[in-house]
Amino acid sequence: DVSDRHMYEAARIAQAQERETLAQMRAADAERQRAAADERRRAQELLVDVTSHELRQPVSAILNCSQLVRGNLTKLGDALRKSRDTPFVPEDSLHKQIEEDLDALDSIYQCALSQERIANDVLSLSRLQLDTLSIHTTAFHLVPELQRIVSIFANELRMKKIELDIKVGNSVKLHNVDRVSSDRTRFSQILTNLMSNAIKFTDIAPIGERRITVCLEVSMEPPQINKCISPILPPNVEGLAQKAAAPGTPIYVYVAVKDSGPGLKPGDLSLLFQRFQQGSNSHEVFGGSGLGLFVSRKLCELMGGNIDVDSIYGQGATFRFYLKMNTAEPKSKPAPKAQLVIPAPSSQTAYHILITEDNIINQTVLNRQLKQAGFTTELASNGKEAIERMKRLAFGTDKIDPNLPRRFDVIL
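So, here is what we can say about the structure in this document. All of these numbers come straight from a predicted model, not from anything done at the bench. (Residues numbered from 1 in each chain as written. Predicted model: local features only at pLDDT ≥ 70, side-chain atom pairs only at ≥ 80, totals over all residues. Heavy atoms only, no water.)

### With respect to the packing of aromatic side chains
Working step 1: Tallying each qualifying case throughout the model produces four aromatic pairs.
Working step 2: On the basis of an interplanar angle of 25° and a centroid distance of 6.1 Å, the ring pair of Phe140 and Phe187 is categorised as stacked. On the criterion of sequence distance, the pair formed by Phe140 in strand β1 (residues 138–141) and Phe187 in helix α6 (residues 184–202) is long-range, its members being 47 residues apart.
Working step 3: The class for Phe187 is buried, based on a relative accessible area of 0%.
Working step 4: By the ring-pair criterion, three or more aromatic residues cluster together here, those being Phe140, Phe187 and Phe321. (Phe/Tyr/Trp six-rings, centres within 6.5 Å; stacked < 30°, edge-to-face > 60°. Helix = DSSP H or I, 4+ residues; strand = E, 2+ residues; numbered from the N terminus. Buried < 20%, exposed > 50% of the residue type's maximum accessible area, 1.4 Å probe, protein only.)

Put into structure tokens, the structure is as follows:
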């Protein structure tokens, strides 16, 4: 009848309207996804552009400084050759040139460190995107490791007239924390990124007001609030060392890096740790791609921690992070520095070392370092050459120096 026909028409119209609304919602969602994809693409293009600029700047400085040092050494070599028959008396200008060359070599070293930081962050980002970045724990001395990481920037801090203050909190002593177990490389990467940023910010402050403060605290408790701040020590601190004494005890390590730069605008704080994001015009003012802080946040999360920042515009910024670690078996001696130290055995003057390295520059530098240390060396550019040299030395298939040992003591 008529009423049924009206009801049918009303239902059909309602269904059509519902389909139209659903289509509009899908179109709006697709538009949002397209806009987000465009924004990610633009951010990635900006990342590539800024990162390429960051890489190009140190390369230019390395080329110019190395050319300057080489020119001065060439002049010095010529002067020494001409003075073979007469005593060589260096002029005051030569002393000045040597000092300038040492500064140039320091600049080359700092530029290389800058490139290494960028390469590590790009590699970490790639592994994060592929979900292949893993954490490898090793035992190390906490305070000496923090001091070692910060000391890498000593030359840059000196050149930029920035004062550095390292504060090891009383909680480290009360908990008797010496060695910890965590990913030493990732810990270094996070702190290195924060130090690099702090130097960039502090460098524009007036001379005499440039200061960076690095603080270290430990606690057996995670942050009590949504901040990377170490909890307040309990009134009774006598039993803290005993609680943290057993190897494998979970402990939280808190690090803060405070700079005396211009600070951050309130609207920039929420952007800092996002992918490919920075504060407003920060890459034009301070340099950098914003990649380091994003990678640092991801590393902190993988290591059971977090990272944040406090800043008042015009009064500097404090970047803080904490990581969950475990106490490790103590040792009587501090951990050795990361360098190759091979004691010579009593039966011979030095080890005979086979260097296997396909990069000719690395091969040459390592060969020179080992020879200066008193070792004898042989070179191989790949695994096949290394095996041939081991066979030749072991079986005497070729004429070799009779003073050399019949084997390699170390293979690098």
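Next comes the rest of the description.
### Brief notes about the packing of helix α2 (residues 92–129) against α6
Working step 1: Packing of α2 against α6 brings their axes to within 11 Å, and their N-to-C directions diverge by 125°. The orientation of α2 relative to α6 falls into the category oblique. α2 and α6 meet at a crossing whose hand is left-handed. Together, Arg117, Asn120, Asp121, Ser124 and Arg127 of α2 and Arg186, Gln189, Thr192, Asn193 and Ser196 of α6 make up the contact between the two elements.
Working step 2: A per-class count over the contact of α2 with α6 returns no nonpolar, six polar and four charged. (Axes fitted to C-alpha atoms, helices over the stretch in contact; angles between N-to-C directions. Parallel < 35°, antiparallel > 145°, perpendicular 65-115°, else oblique. Left-handed = near helix turned anticlockwise from the far one by under 90°. Contact = heavy atoms within 4.5 Å. Nonpolar A, V, L, I, M, F, W, Y, C, P; charged D, E, K, R; others polar.)

### Considering the side chain of Arg117
Working step 1: Tracing the chain through its elements places Arg117 in helix α2.
Working step 2: In this structure Arg117 touches Phe153, Thr192 and Ser196, once residues within four positions along its chain are discounted.

### Re the packing of α2 against helix α10 (residues 291–302)
Working step 1: Viewed as axis vectors pointing N to C, α2 and α10 meet at an angle of 55°, and their least axial separation amounts to 10 Å. On the basis of their axis angle, the class for α2 and α10 is oblique. In the crossing of α2 with α10, the sense of the turn from one axis to the other is left-handed. Residues Asp121, Val122, Ser124, Leu125 and Leu128 of α2 pack against Leu291, Gly292, Phe294, Val295, Lys298 and Leu302 of α10.
Working step 2: Looking at side-chain class alone, the contact of α2 with α10 contains seven nonpolar, two polar and two charged residues.

### Concerning the nonpolar core
Buried together is how nonpolar side chains tend to be arranged in soluble globular proteins.
Working step 1: Judged by nonpolar contacts, the single largest core of 46 residues is most densely connected at Leu142, Phe187, Ile212, Val255, Phe319 and Phe321.
Working step 2: Counting residues per element, the ones that place at least two in this core are α3 (142–151), α6, β4 (211–219), β5 (250–258), α10, β6 (306–311) and β7 (317–327).
Working step 3: Per-element accounting of this core gives the leading share, eight residues, to α6.
Working step 4: In this view, Ile212 contacts Leu157, Ile162, Glu163, Leu164, Asp165, Met195, Ala198, Ile199, Thr202, Val257 and Lys258; residues no more than four positions away in its chain are not counted. (Core = buried A, V, L, I, M, F, W, Y, C linked by side-chain atoms within 4.5 Å.)

### Concerning the pattern of salt bridges
Working step 1: According to the stated counting rule, one finds 14 salt bridges in the structure shown.
Working step 2: Arg12 serves as the salt-bridge partner of Glu9, at 2.8 Å between the closest nitrogen and oxygen. In this pair, Glu9 and Arg12 are both assigned in helix α1 (residues 2–82), three residues apart and thus about one turn of the helix distant.
Working step 3: The class of Glu9 is partly exposed, set by a relative accessible area of 30%. (Salt bridge = Lys/Arg side-chain N within 4 Å of Asp/Glu carboxyl O.)

### Thoughts on the state of the cysteines
Working step 1: The full count for this structure, using the stated rule, is zero disulfides.
Working step 2: Cys300 forms no disulfide, and the closest cysteine sulfur to it belongs to Cys228, at a distance of 7.2 Å. (Disulfide = S-S within 2.5 Å.)

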